[in-house]
Amino acid sequence: MKRLKRLFQQILFLEILAGMAATFKHLFVRPITIQYPHEKRVLPNGYRGFIALLRYDDGTDKCVGCDLCEAACPSRVITVISAEVEGQPLKRYAREYAMDMTRCVFCGLCVEACPVNALGMTKEYEYATYDKRNLNLNKEQLLAIGDRAFPVRETRVEFQHPHAAFFNVAKRGYPAK
């Protein structure tokens, strides 16, 4: 009986038929072709696309020029040149910020390293170009990507917590409010 059953399975290829039935079931249930320029695929929440610089709701940059993103980047894509705010020696900002997206591996370590959440991973994946020099992005281009990808902006810490602006553990009079 077992031999006859095994012989019957070998002759009819039941495993292959079961696999083909599953394939045909999924083939006719969902559409296969997406008309790409007109229809775009819905990306998952954890998708890591272009990296963007973010702003506060008043238009100022969130980046404080701490260079932690540059240190965390494994492929040395990020270049940050920071400067001090005039008249306030304890406050810094990123005077220049550049990324070479041709070498980026989209790991997200720079986003995780940022202490003020000034970087964000967008869901943009259309970055094909004829000249790879167009993928050397400066600060203004990265801010423009951030404005497109993150239209809802965060308010500054001084306005979220009014007492944080007046608390200072440094010398008296620094920084001036």
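Being a predicted model, the structure only gives us computed values, none of them experimental.

Let's talk about the pattern of salt bridges
If you walk through the whole model with that rule in mind, you get nine salt bridges. Glu126 is the partner of Lys40 in a salt bridge, and the nearest nitrogen-oxygen pair spans 2.9 Å. Here the residue Lys40 occupies a position in the loop between helix H2 (14–29) and strand S1 (51–53), and Glu126 occupies one in the loop between strand S4 (119–121) and strand S5 (136–137), the gap between them amounting to 86 residues. The exposure class assigned to Lys40 is partly exposed, which follows from its relative accessible area of 46%. A salt bridge links Asp147 to Arg153; the shortest N-O distance between them is 2.8 Å. On the basis of relative accessible area, Asp147 is assigned to the partly exposed category, the value being 26%. With a relative accessible area of 32%, Arg153 lands in the partly exposed category.

Remarks on the packing of aromatic side chains
Counted according to the given criterion, the structure contains two aromatic pairs. Joined through ring pairs, the aromatic side chains of Phe50, Phe106 and Tyr127 make up one cluster.

Digging into the confidence of the model for the protein
Counting all residues, the mean pLDDT for the protein is 85, and 86% of those residues have values of 70 or more. Element-level pLDDT for the protein is lowest in helix H6 (residues 157–160), with a mean of 66, against a maximum mean of 96 in S5.

A few points about helix H5 (residues 139–149)
Turning to H5, its buried residues number three or more, namely Lys139, Leu142, Leu143, Ile145 and Gly146. Along H5, the residues classed as buried sweep out an arc of 155 degrees about the axis, all on the same side. Exposed and oriented more than 90 degrees from the buried face of H5 are Glu140 and Arg148. Against the buried residues of H5 lie S1, strand S3 (88–100) and S5.

Parameters and conventions
Residues numbered from 1 in each chain as written. Predicted model: local features only at pLDDT ≥ 70, side-chain atom pairs only at ≥ 80, totals over all residues. Heavy atoms only, no water. Salt bridge = Lys/Arg side-chain N within 4 Å of Asp/Glu carboxyl O. Helix = DSSP H or I, 4+ residues; strand = E, 2+ residues; numbered from the N terminus. Buried < 20%, exposed > 50% of the residue type's maximum accessible area, 1.4 Å probe, protein only. Phe/Tyr/Trp six-rings, centres within 6.5 Å; stacked < 30°, edge-to-face > 60°. pLDDT = per-residue confidence, 0-100. Arc of directions from axis to C-beta. Contact = heavy atoms within 4.5 Å.

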